[in-house]
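# Remarks on the overall topology
Okay, here's what each chain looks like letter by letter:
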Amino acid sequence: MFKFVPQVSSEIVFDHLPKSIQESASVRNLSEEKSTVSLQFARKRFFRLYTESGPDIHLSFGRELEKAFERTKSFYGVLPKYTCKPLFLIKKDDFMLFGQEFFEGSPIDTLYEKSELTSSEVENILAEIRDIFAGLERQSTEELKKSEFDNFCKIVLSNDAFSKIDTSIIKSEIIPIIESGILNLKPTIRWSSGDLSARNILIQNKKNFKIIDFEFAHKTHFHQEDWIRLATFSTPAFKEISFINKLKKEISNELHLFHLLRQTILNRHVYDQVEYRKYLQDDLISILKKIFGKSKIKSQILEGFSTHNQLLEGIINNNAQKNAELLGSNAKLIDSINELADKNS
């Protein structure tokens with residue numbers, strides 16, 4: 001979990017700037033961005049430094065920004081035309097300041113919602129991004145693909161926020177389903193931004209664009225997850241664009257499950273403990289919905305859930321109150337599930 005950053009003055013942020021920039025700038029030209037200025041606490045706080053010559057500088061102020069800086073440098077090295085150039089990382093006291101060139105743009109889904117971009121213009125931009133990403137793909141091997149997946153599973157199963165039942169279901173049912181699907185994927189690898197949500201595609205003058213936020217960037221064999229993220233983390237109207245739906249439908253159900261499991265890892269870096277557990281439950285319910293809807297149930301644990309029709313209905317309808325009532329009145333069901341979990345662990 002991240003340590004959240006309280007509100008901080010422009011003077012403190014300015015004091016973290018490299019001396020060479022301080023000498024040619026003024027604290028009066030430094031202001032916090034709308035996305036964080038009203039927040040009492042934030043994972044990172046964002047500022048903009050207006051400069052008289054050269055591009056303005058986007059500043060991220062927070063803790064533990066080393067990986068974000070290094071990943072941004074790596075991604076910029078691959079796609080310099082479509083990303084913002086990283087400039088510096090300064091550590092002082094308990095905080096870090098990450099600077100990169102500022103890009104004056106707005107999120108692609110926001111512009112579409114405001115009718116400042118047509119669906120055709122959106123589709124042209126997304127098609128260009130798709131082609132750019134396809135150009136990054138390189139041949140890999142089945143062994144390397146399997147190795148990445150195995151490492152992913154170890155990280156998921158080591159999550160101590162999961163209950164014993166959760167871990168048992170993931171290990172005995174969900175992981176085998178995902179694995180059966182990825183075996184059919186052609187082993188190619190490329191850089192992924194790690195969070196290709198619509199808010200991270202900034203558009204300028206309807207055609208120029210930059211991809212931002214590489215905190216979770218990585219080389220992966222499961223790069224199709226980019227399009228699931230784009231279809232998931234965007235405004236309702238944006239999700240209905242035919243190009244988005246087409247991309248999403250081309251991706252297997254197994255990779256959708258992979259995406260949901262990966263989200264349980266990423267959310268741990270984003271939310272506090274209370275919020276994280278809420279989102280964790282939501283992701284597990286979404287996984288069960290997909291399994292019950294698409295896959296044949298094999299494990300005894302899930303058979304126990306599936307044959308208990310009222311409980312299954314509660315899960316499918318995301319009815320937390322109904323689930324709690326049913327589980328509360330079914331101590332024998334809970335005991336049997338715990339027993340099966342022990343056998344499968």
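Residues numbered from 1 in each chain as written. Predicted model: local features only at pLDDT ≥ 70, side-chain atom pairs only at ≥ 80, totals over all residues. Heavy atoms only, no water.

## Considerations on the overall build of the protein chain
Within the protein chain, the secondary structure is distributed over 17 helices and 13 strands. Put simply, the protein chain has 345 residues, and 47% of those count as buried. Counted over contacts in the protein chain with a minimum sequence separation of 6, partners at least 24 positions apart contribute 70%. (Helix = DSSP H or I, 4+ residues; strand = E, 2+ residues; numbered from the N terminus. Buried < 20%, exposed > 50% of the residue type's maximum accessible area, 1.4 Å probe, protein only. Contact = heavy atoms within 4.5 Å.)

## What to know about the sheet that holds strand β6 (residues 86-92)
Taken in spatial order, the 5 strands make up an open sheet running β2-β4-β5-β7-β6, and their pairing is antiparallel. A single partner strand is all that each edge strand has here, and the edge strands are β2 (30-32) and β6. Across the sheet, the axes of successive neighbouring strands diverge by a mean angle of 25 degrees, strand direction being ignored. With 6 bridges connecting them, β6 and strand β7 (residues 95-101) associate as antiparallel partners. Counterpart to F88 in the pairing with β7 is G99. The strands that helix α4 (residues 66-78) touches are β6 and β7; relative to β6, the one it contacts most, it runs at about 165 degrees. (Pairing = 2+ DSSP bridges. Axes fitted to C-alpha atoms, helices over the stretch in contact; angles between N-to-C directions.)

## Remarks on unusual backbone geometry
In the Ramachandran plot, N205 falls in the positive-phi region, its phi being about 55 degrees despite a non-glycine side chain. Along the chain, N205 turns up in the loop between β11 (201-204) and β12 (208-211). One non-glycine residue, K206, lies in positive phi territory at about 70 degrees. Judged by its relative accessible area of 47%, K206 falls in the partly exposed class.

## Some details on the pattern of salt bridges
What the rule picks out here adds up to 20 salt bridges. One salt bridge connects R43 with E215, and the closest N-O pair in it is separated by 2.5 Å. Pair noted here: R43 is in the loop between β3 (41-42) and β4 (44-49) and E215 is in the loop between β12 and β13 (218-220), with a separation of 172 residues, a long-range link. A salt bridge links K146 to D150, with the shortest nitrogen-to-oxygen separation between them at 3.0 Å. Of the two residues, K146 and D150 both sit in helix α7 (residues 142-157), 4 residues apart, roughly one turn of that helix. Given a relative accessible area of 32%, K146 falls into the partly exposed group. It is possible to trace a salt-bridge network through shared partners that takes in D195, R199, E225, R229 and R262. (Salt bridge = Lys/Arg side-chain N within 4 Å of Asp/Glu carboxyl O.)

## A closer look at the pairing of β4
Most of β4 is tucked away: 5 of the 6 residues are buried. Here β2 pairs with β4 via 3 bridges, running antiparallel. Bridging from a neighbouring strand, S31 pairs with R48 of β4. Sheet topology note: the β4/strand β5 (residues 57-62) ladder contains 6 bridges and is antiparallel. The residue of β5 that forms the bridge with K44 is G62.

## Things to note about the packing of α7 against helix α12 (residues 253-266)
Two elements in contact, α7 and α12, have axes separated by 10 Å at closest approach and are oriented at 50 degrees. The orientation of α7 with respect to α12, classified from their angle, is oblique. Two packed elements cross with a definite hand, and for α7 against α12 that hand is left-handed. Across from F149, F152, I155 and V156 in α7, the residues of α12 making contact are F258, L261, R262 and I265. (Parallel < 35°, antiparallel > 145°, perpendicular 65-115°, else oblique. Left-handed = near helix turned anticlockwise from the far one by under 90°.)

## Concerning the nonpolar core
Burial of nonpolar side chains together is a common tendency in soluble globular proteins. Formed by 60 residues in total, the largest nonpolar core has its most connected members in I108, L126, I129, F133, F149 and F238. Aside from chain neighbours lying at most four places away, what touches F133 is F75, L79, R190, L196, I211, D226 and W227. Core analysis: the next-biggest nonpolar cluster, separate from the first, contains 15 residues, V5, L30, L49 and L97 among them. (Core = buried A, V, L, I, M, F, W, Y, C linked by side-chain atoms within 4.5 Å.)

## Some details on the packing of helix α9 (residues 225-232) against α12
One can describe the packing of α9 onto α12 by two numbers: an axis separation of 10 Å at closest approach and a directional angle of 75 degrees. One element, α9, and the other, α12, form an angle in the roughly perpendicular class. Within the contact between the two elements, α9 uses E225, I228, R229 and T232 and α12 uses L255, H256, F258, H259, R262, Q263 and L266. Each residue belonging to the contact of α9 with α12 can be placed in one class, and the counts come to 4 nonpolar, 4 polar and 3 charged. (Nonpolar A, V, L, I, M, F, W, Y, C, P; charged D, E, K, R; others polar.)

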